[in-house]
Amino acid sequence: MTFLRPIAVATLLLPALLAGLSAGPARADDVEDSLNAALEAYRAGDFVTARDEAEFAVTLLGQLKAQDLGGYLPAPPAGWTREEGGDQAMGAQMFGGGLVSSASYSDGSDQVTVTFAADSPMVTAMSAMFGNAAAMGSMGTVMRVGKHRAIVTPDGEIQSLIDRRILVSVSGSAPAETLQAFFEAIDLDALAEF
């Protein structure tokens, strides 16, 4: 019975995923190839390969989504350089899975790192803390940017939970004003729509 459950899920998901791919721009041939291979294997009765290919396609789709998340990282200010930290899907073990995108910025002497972690069970669990003003106050100094609440931890890191599912973290060796400028450079309202 448990053997048939993944097959039933694959049977339901594959047509929807294939339809979604044909309706939108073909951004990743590897995704379509994996979905086609999964469907072919399923039709041939090779359920192990079908599941493996379907899971691979889901992983590739997660990577595409993580790349989209990276598009919300701020541009470097004048005099600063930006080094991409990478976009990861489901590989961020410290966040319990989900999507992670980050970039490091430097002006030659100071460094700032901006990290987004989205759609992670750990981040979702943190929503209770960010929704409780007393809990936020116990974690550091609270501040607001627009309609979004943030915490400045005792070590200077700025953290905010956007739309109860995207953790924004700004940290580094730069002065507090610089960290806050980087935080304020993030379009938090647009990020909430991600």
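Residues numbered from 1 in each chain as written. Predicted model: local features only at pLDDT ≥ 70, side-chain atom pairs only at ≥ 80, totals over all residues. Heavy atoms only, no water.

A short note on the overall build of the protein chain
And step 1. Of regular secondary structure, the protein chain possesses eight helices and seven strands.
And step 2. Burial status across the protein chain gives 37% buried among its 194 residues.
And step 3. Long-range contacts, defined here as pairs at least 24 residues apart, represent 49% of the contacts in the protein chain between residues at least 6 apart.
And step 4. Of the roughly 10,500 Å² of accessible surface on the protein chain, a fraction of 55% belongs to carbon and sulfur atoms. (Helix = DSSP H or I, 4+ residues; strand = E, 2+ residues; numbered from the N terminus. Buried < 20%, exposed > 50% of the residue type's maximum accessible area, 1.4 Å probe, protein only. Contact = heavy atoms within 4.5 Å. Areas by Shrake-Rupley, 256 points an atom, 1.4 Å probe, with all protein chains shown as cover.)

A look at a negative patch on the surface
And step 1. A cluster of acidic residues, D29, D30, E32 and D33, forms a negative patch on the protein surface.
And step 2. Note that D33 resides in helix α2 (residues 29–43).
And step 3. Its relative accessible area of 47% is what places D33 among the partly exposed residues. (Patch = residues over 30% accessible without salt bridge, like charges linked within 9 Å, V, L, I, M, F, W, Y side chains within 5 Å. Salt bridge = Lys/Arg side-chain N within 4 Å of Asp/Glu carboxyl O. Lys, Arg positive; Asp, Glu negative; His and termini not counted. Charge placed at Lys NZ, Arg CZ, Asp CG, Glu CD.)

Describing helix α3 (residues 47–70)
And step 1. Here α3 is 24 residues long and its end C-alpha atoms lie 35 Å apart, about the 34 Å a rise of 1.5 Å per residue gives.
And step 2. Considered for burial, the residues of α3 that qualify are A50, A54, A57, L60, G62, L64, A66, L69 and G70. (Expected span 1.5 Å × (residues − 1).)

Topic: the packing of α2 against α3
And step 1. Two numbers describe how α2 lies on α3: the axes approach to 7 Å, and their chain directions differ by 160°. Looking at the two axes, α2 sits roughly antiparallel to α3. Crossing geometry of α2 relative to α3 is assigned as left-handed. Contact residues: D30, V31, S34, L35, A37, A38, A41 and Y42 in α2; F47, T49, A50, E53, A54, F56, A57, L60, L61 and L64 in α3. (Axes fitted to C-alpha atoms, helices over the stretch in contact; angles between N-to-C directions. Parallel < 35°, antiparallel > 145°, perpendicular 65-115°, else oblique. Left-handed = near helix turned anticlockwise from the far one by under 90°.)

Concerning the pattern of salt bridges
And step 1. Counted by the stated rule, this structure contains four salt bridges.
And step 2. Of the charged contacts, one joins D119 and R165 as a salt bridge, the two residues approaching to 2.7 Å between their closest N and O atoms. With a gap of 46 residues between them, D119 in the loop between β3 (111–118) and α4 (121–125) and R165 in the loop between β6 (158–162) and β7 (166–172) connect regions that are remote in the sequence.
And step 3. When its relative accessible area of 17% is taken as the criterion, R165 is described as buried.
And step 4. One salt bridge in this structure joins R165 and D163, with 3.3 Å as the shortest N-O distance.
And step 5. Residue D163 is classed as partly exposed on the basis of its relative accessible area, which comes to 44%.
And step 6. What you see here is one network of salt bridges that share partners, running through D119, D163 and R165.

Overview of the pairing of strand β4 (residues 141–145)
Side-chain positions along a regular strand alternate between the two faces of the sheet.
And step 1. Where β4 lies against strand β5 (residues 148–152), five bridges are found, and the strand directions are antiparallel. Bridge pairing in β5 links R144 to R149.
And step 2. Between β4 and β5, which follow one another and run antiparallel, lie two residues, and G146 among them has a positive phi close to 65°. (Pairing = 2+ DSSP bridges.)

Side note on the nonpolar core
And step 1. Counting residues in each nonpolar core, the largest one holds 28 residues, and the members touching the most others are V112, V114, F116, V168, V170, F183 and L191.
And step 2. Per element, the largest residue contribution to this core is four residues, and it comes from β3.
And step 3. In this structure V114 touches L73, P74, S101, S102, A103, Y105, S169, V170, F182 and I186, once residues within four positions along its chain are discounted.
And step 4. V100, A117, V123 and L167 belong to the second largest nonpolar core, which has nine residues in total. (Core = buried A, V, L, I, M, F, W, Y, C linked by side-chain atoms within 4.5 Å.)

Examining the side chain of S160
And step 1. Relative to the elements of secondary structure, S160 occurs in strand β6.
And step 2. S160 gets classed as buried once you look at its relative accessible area, which sits at 0%.
And step 3. A polar contact of 2.5 Å, which involves the side chain of S160, links it to the backbone oxygen of R149.
And step 4. Non-local contacts of S160, meaning those with residues more than four positions away in its chain, are made with F130, H148, R149, A150, I166, L167, V168 and F183. (Polar contact = N/O pair within 3.5 Å; in protein donor to acceptor, adjacent residues only side chain to side chain.)

What about helix α7 (residues 176–185)?
And step 1. Residues of α7 that are buried include every one of L179, F182 and F183, and no others. Along the axis of α7, the buried residues cluster in a sector spanning 100°; they form a single face. (Arc of directions from axis to C-beta.)

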